[in-house]
Amino acid sequence: MENNALNFRSNELFLIAGPCAVESENQLRTILMNENRPRLIRGGIHKMRTNAKSFQGMGDEGMEIVKKMKQEIPFDFITEVTDARQIEALLPITSVFQVGARNMYNYELLKELSRYGRPVILKRAFSATISEWLGAAEYLFNLGEKNIILCERGVRSFDNKLRNLLDLGSVIYLKKNTPFKIIVDPSHSMGLTPYVADAAYAAVAAGADGLIVEVHPEPAVALSDGQQALNIPQFDEMVQKLHKLAPIF
Ligand code: PEP
Ligand code: MN
């Protein structure tokens with residue numbers, strides 16, 4: 001599928017799914033072989049981990065895996081760009097760039113990304129106000145509003161039972177007051193597998209235009225975020241239920 005086939009203007013629910021991080025050919029192949037897989041597959045190549053000793057992503061090796069798998073089974077790919085120096089290398093394999101929560105305030109990175117005409121998903125920083133988030137989106141202005149997608153991924157709160165506080169109020173507000181598409185990441189919001197699908201349905205009910213969800217063939221051995229990944233049957237079940245709520249792009 002070509003980049004221009006991705007139409008974020010569609011009124012259908014834009015579903016993105018895949019592993020937190022690309023780990024192996026087999027991992028990606030298993031996800032791609034699933035007939036319920038969405039058009040856009042996520043997978044971290046450069047990871048921004050909170051701890052420097054945690055798995056940092058496969059880097060170049062991960063890019064090679066994605067290239068090879070794209071030849072085997074064509075698919076559109078989204079990955080996080082953590083540094084402007086990665087952009088050129090990622091361009092050939094990336095249909096959409098993801099800017100992570102930790103980089104929402106990295107205005108130089110945003111300015112650089114705004115030069116490439118490729119859609120950008122801008123995640124909300126942990127404690128960003130809606131105004132700060134929209135301020136960051138302004139740096140992508142050159143891409144045109146249709147190529148700027150905001151992603152609510154939960155914010156810090158006083159509570160530690162869940163990973164973050166999923167702010168569906170932001171979805172409702174942004175839908176009414178901005179021209180941007182807004183998607184929700186129920187995985188990083190809730191942080192625990194049993195709650196991810198229900199958060200996804202709630203996001204759709206709140207008016208989200210799409211979802212980005214972490215899926216892993218074997219969450220127990222995932223190198224990052226296994227505790228919040230859906231396995232393939234759990235993903236399939238979520239997709240079946242989503243079909244009842246909205247047509248999926
Ligand atoms: C991710 O999507 O893999 C990720 C790191 O998310 P966030 O930037 O929202 O923490
Ligand atoms: Mn993750």
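Residues numbered from 1 in each chain as written. Chains lettered and ligands numbered in written order. Predicted model: local features only at pLDDT ≥ 70, side-chain atom pairs only at ≥ 80, totals over all residues.

Going by the annotation in an unreviewed UniProt entry, the name recorded for the protein is 3-deoxy-7-phosphoheptulonate synthase, with Peredibacter starrii given as the source organism.

**Some details on the pairing of strand β6 (residues 148–152)**
Test applied: Partly exposed residues are those whose C-beta has more than 12 but fewer than 20 other C-beta atoms within 10 Å; with 20 or more the residue is buried, with 12 or fewer it is exposed, and the C-beta atoms are placed from the backbone. Secondary structure elements are defined from DSSP: runs of H or I of at least 4 residues count as helices, runs of E of at least 2 residues count as strands, and each element is numbered from the N terminus. One requirement defines pairing of two strands: DSSP has to find at least two bridges between them. Crossover handedness is defined by viewing with both strands directed away from the observer: a clockwise path from the first strand over the helix to the second marks the crossover as right-handed.
Counting buried residues in β6 gives five out of five residues, a clear majority hidden from the surface. Relative to β6, strand β5 (residues 120–123) runs parallel, the two sharing four bridges. Looking at the pairing, K123 lines up with C151 of β6. Each parallel crossover has a hand, and for β5 linked through helix α5 (residues 130–138) to β6 it is right-handed. Taken together, the four bridges between β6 and strand β7 (residues 181–184) define a ladder with parallel strand orientation. By the bridge assignment, E152 is partnered in β7 with V184. As a crossover connection, the stretch from β6 through helix α6 (residues 168–177) into β7 is right-handed.

**Some details on the site of ligand 1**
Just so we agree on the cut-off: Near, as applied to residues and a molecule or strand, means the residue's backbone-placed C-beta atom lies within 6 Å of it. Asp, Glu, Lys and Arg are counted as charged, while Ala, Val, Leu, Ile, Met, Phe, Trp, Tyr, Cys and Pro are counted as nonpolar; the rest, among them Gly, fall into the polar class.
The environment of ligand 1 is formed by C20, G44, M48, G100, A101, R102, K123, R153, D185 and H188. By residue class, the composition of the shell around ligand 1 is three nonpolar, three polar and four charged.

**Concerning the UniProt feature "domain: DAHP synthetase I/KDSA" (unreviewed entry) in the protein**
Note the cut-off: UniProt positions are given in the numbering used here, feature names are shortened, and annotations may be inferred rather than shown by experiment.
In the numbering used here, UniProt assigns the feature "domain: DAHP synthetase I/KDSA" (unreviewed entry) to residues 11–243. Along residues 11–243 the backbone is 35% helical and 15% strand, and the end-to-end C-alpha distance reaches 14 Å.

**A word on the pairing of strand β1 (residues 14–18)**
Across the five residues that make up β1, a large majority, five, are buried. Burial along β1 is two-sided: F14, I16 and G18 facing one way and L15 and A17 facing the other are all buried. Both β1 and strand β8 (residues 210–214) contribute to a ladder of five bridges, which runs parallel. When the sheet's bridge partners are listed, I16 is paired in β8 with I212. Bridge analysis of β1 against strand β2 (residues 40–42) gives two bridges, and the strand direction is parallel. By the bridge assignment, I16 is partnered in β2 with L40. Handedness of the crossover joining β1 and β2 through helix α1 (residues 25–33): right-handed.

**Focus: unusual backbone geometry**
Peptide bonds are mostly trans, and most non-glycine residues show a negative phi. For D225, which is not a glycine, the phi torsion comes out positive at approximately 55 degrees. Given 20 C-beta atoms within 10 Å, D225 falls into the buried group.

**Details of the environment of L150**
Under the convention used in this document: In this description, a residue-residue contact is defined by the distance between C-beta atoms placed from the backbone, which must lie within 7 Å.
Mapping L150 onto the fold places it in strand β6. Since 25 C-beta atoms lie within 10 Å of it, L150 is described here as buried. Here the alpha-carbon distance between L150 and I31, two residues 119 residues apart in the chain, equals 25 Å. Beyond its immediate sequence surroundings of up to four residues, L150 is in contact with L122, W133, A137, L174, F180 and I182.

**Focus on α6**
In plain terms, the rule: It is the directions from the helix axis to the C-beta atoms whose arc is reported.
Among the residues of α6, S170, V171 and L174 are the ones counted as buried. Buried residues along α6 cover an arc of 100 degrees about the axis, so they all sit on one side. The exposed set on the far side of α6, more than 90 degrees from its buried face, consists of G169, K176 and N177.

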